[in-house]
Amino acid sequence: MQRRTFITRMLSVAVVVSLGRVRRRAEAGVLPEKSLATLREVAAVALPSALGRRSTDQVVARFADWVRDYKAGVSMEHDYGRPRLRTTEPLPVENYIRQLADIDQAGGQRFARLGRDARRAILEKTLNEAKVENLPNRPTGEHVVSDLVAFYFHSSEANDLCYRANIGMLKCRNLASLAKRPEPL
Amino acid sequence: MPTFETDVCVIGSGISAAMLVEKLSELRPGTTITVVEAGNAIFDFSNRIKYRQRNLDYGENPWPGDFIEDQLADGIICHTMAVGGQALLWGSACNRFSEEDLRLKSLYGLAVDWPLSWEELEKAYCEAERRLNVSGEPSPYPEDRRSAPYPQPPTPMSYNLRELKVWAEKSGLLFSVLPVATNLTASAGRGACCAFSTCVPVCPTGARYSPDFTFRKLIAQKKIALHDRTLIRRLVLDAARPTIAAAQGVHRDRPDETVEYRARLFVLAGGYAWSPHLLLLSACSRFPNGLANSSGLVGRYMTGHKFVSAFASIDRQLYGGQSDVQSLISRKYLRCRAGGPYVRHDTRVWESTVGREPRLRDEHKRVLLGDDLLEDWRTRAKGGSVRLRSYYDVHPSPDSRLTLNPSTRNRWGDPMPKIEHRFDDATMAREAAVQEHIRKLFAELARADNGQILTTSVSNYLDHPAGGCRMGNEPAASVCDSYGRTHDHENLFVVGAPNSPTGGCTNGALTFVALALRSTDRIAQDLGWT
């Protein structure tokens, strides 16, 4: 076997192994570190700057946990009034990985190396091209950027930030404290 | 065939059943009571906080296994079939009907009078409120007088709700905090309310009453036996007399084996769908149209109430996310003047975030991200949003029916129920005017604080459905007497929602429980006599 052939075959094997690993991770709902690194850069632009980098990284970590703990095929709440039996759809984690790879390549250089305005422009273009119109109530798998934004902006933490007050939406609260105007943050 | 002997066999395990067996075990200690339920007993309270979180995060059913895939009815409003029934996921609203509901024919020439007096029902209401540990405040309307105070004070109003009360009362209507079966302090093995705001579908502390607590307590005290996962498929007549001899069914884990329950007295407590369904399924040569159905009225006069909902925007600063489950009620329009236009409805007010949620695109379709998104949200969060709703009174025609649907069957070949609501002529004739009255009222409410109605909609289903085995004094015009005893079979009672001749115009659960508790008095008497 010629040296060039050997190297080509070894590279092919490496690519297949690598792709297989990505697929297995995606099936298990695990976002690989490379995707998470890009997502952290996305979060720094897509989430409020008041959070600071440390907090936006934490939001990404919680989002990754959410993806990891997602289960397909589980019975969903069957509504009231016009009930229907439904199960959760598979979460297209592979799409997330591909979307993040596309974002990383979209600017001609790594996303992280771009300025804030350029990064924002890429995200806007990405969402326009993907025709994402609305913020879902919770991540749906439509697009990783809108899902991350929905994940944060529908949280109790974001609600407090919006109103600049300690509301504690959906958290365990004292009834008497609920009777008072929420304290400022 | 496995056969179980018991004094009382209760079929169904919702809130009416829970209250009935609790009271019966007190009135007749030593009576053997067997509760048979097709669904599962979901007695894993310790998992509720986890289920709640999964529901919030992923939309998963917080009551896993609370339905039976091939035991579904066409036209029902909830698929839950488990020990506790729909009261596993109710909001715990405990409104009383008004005196007028019982005298529709006498006062207005409409529908039918109920076969009991307001004083009798009011006494049963007090008992229901005590057993459910209802928190509430007296209505500001003197017609809503009560003979006993609520067992708990009212739920403290959230800041938002206090603001909304000020706003809403500018219309001239008077509001009070909705009475609810929710513990303000820990009691009866259930925790205190922590304002989690997920009463529907699941309360992680158990503060919001659900019947599973009652059943667990009674089982631990050995006062009842609970047979879950057991579907009763038919009632069997005594060979000689028109009484019920047995209930036959199957345990879902042993689908090929019939099980039989023999009892002195049978109580159907399966709610508006499954109680009339079982009677129709139990047709036999002596009762070819179904048991208890000499009148031909089993499965007829299916009732409930329609509703108009609206969202409004007001110039009053609210804090979104405080508590969208707490609400106010005005009972002003629960009664109307005889001789005037017939308009009866309740009026409810909640905080809302409609029109003030975070969004991905602005009105020019420009993508919003990061600080832009937050700023847009903050701008739109200035002011407040309100949810309004009125349940209004509609009266069923005899063709408002539950029938057996031959095209949908369970695994045993039993036809499933199909419910189609129809209204009487008077209801149809006034419907547009009633809806217009409610729309005008909402507009009047919204006028304060520069409010604007954002959207209005009319329900496409009846809430708090009931009927199907209506009570009455005349056997030819009703299925049961005022205690739920069927006219045709002296040892067969139907309790709770199916007894209601009409659906009222406010939440029905407390009324269904009150009727079931009143039935229990008669059942206990019967057990004493026999």
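Residues numbered from 1 in each chain as written. Chains lettered and ligands numbered in written order. Predicted model: local features only at pLDDT ≥ 70, side-chain atom pairs only at ≥ 80, totals over all residues.

1. What about the interface of chain A and chain B?
Consideration 1: Counting from both sides, the interface comprises 48 residues of chain A and, opposite them, 46 residues of chain B.
Consideration 2: The set of elements that each furnish at least two residues to the side of chain A that touches chain B consists of helix H2 (33-46), helix H5 (116-129), helix H6 (144-153), helix H7 (156-163) and helix H8 (175-178) of chain A.
Consideration 3: For the side of chain A that touches chain B, the element with the highest residue contribution is H5(A), accounting for five residues.
Consideration 4: Its residues assigned to classes, the side of chain A that touches chain B shows 30 nonpolar, nine polar and nine charged. (Contact = placed C-beta atoms within 7 Å. Helix = DSSP H or I, 4+ residues; strand = E, 2+ residues; numbered from the N terminus. Nonpolar A, V, L, I, M, F, W, Y, C, P; charged D, E, K, R; others polar.)

2. Overview of the packing of H2(A) against helix H4 (residues 93-105) of chain A
Residues and elements named next belong to chain A.
Consideration 1: Packing of H2 against H4 leaves a shortest axis separation of 9 Å and a crossing angle of 65°. Of the two elements, H2 crosses H4, and the hand of that crossing is left-handed. Residues Ser 35, Thr 38, Leu 39 and Val 42 of H2 pack against Tyr 96, Ile 97, Leu 100, Ile 103 and Asp 104 of H4.
Consideration 2: Split into classes, the residues belonging to the contact of H2 with H4 amount to six nonpolar, two polar and one charged. (Axes fitted to C-alpha atoms, helices over the stretch in contact; angles between N-to-C directions. Left-handed = near helix turned anticlockwise from the far one by under 90°.)

3. What to know about the packing of H2(A) against H5(A)
Residue and element names in this part refer to chain A.
Consideration 1: The N-to-C vectors of H2 and H5 enclose an angle of 100°; their axes lie 10 Å apart at closest approach. Looking at the two axes, H2 sits roughly perpendicular to H5. In this structure, H2 uses Glu 41, Val 42, Val 45 and Ala 46 to contact H5, whose residues at the interface are Arg 116, Arg 119, Arg 120 and Leu 123.
Consideration 2: Split by residue class, the contact of H2 with H5 holds four nonpolar, no polar and four charged. (Parallel < 35°, antiparallel > 145°, perpendicular 65-115°, else oblique.)

4. Some words on unusual backbone geometry
All names here are of chain B.
Consideration 1: The amide bond that connects Val 200 to the next residue, Pro 201, takes the cis arrangement and shows omega of 15°.
Consideration 2: Mapping Pro 201 onto the fold places it in the loop between strand S3 (176-177) and helix H6 (211-220).
Consideration 3: In this model, Ser 92 sits at a positive phi of 75°, which is unusual for a non-glycine residue.
Consideration 4: Of note, Ser 92 is situated in the loop between helix H2 (48-58) and helix H3 (104-108).
Consideration 5: For Ser 92, a count of 27 C-beta atoms within 10 Å gives the class buried.
Consideration 6: For Ala 111, which is not glycine, the phi dihedral falls at a positive 50°.
Consideration 7: Here Ala 111 lies in the loop between H3 and helix H4 (118-132). (Buried ≥ 20, exposed ≤ 12 C-beta atoms within 10 Å, placed from the backbone.)

5. Brief notes about the domain arrangement of chain B
All names here are of chain B.
Consideration 1: For chain B, the assigned domains read domain 1 (1-66 + 74-136 + 181-302 + 400-421 + 466-530) and domain 2 (142-177 + 303-395 + 424-461).
Consideration 2: A separation of 31 Å is found between the C-alpha centroids of domain 1 and domain 2.
Consideration 3: Elements that contribute at least two residues to the side of domain 1 that touches domain 2 include exactly H3 and H4.
Consideration 4: Ranked by residues supplied to the side of domain 1 that touches domain 2, first place goes to H4 with four residues.
Consideration 5: Considering only residue class, the side of domain 1 that touches domain 2 consists of 14 nonpolar, 16 polar and four charged. (Domains from an automatic or database assignment.)

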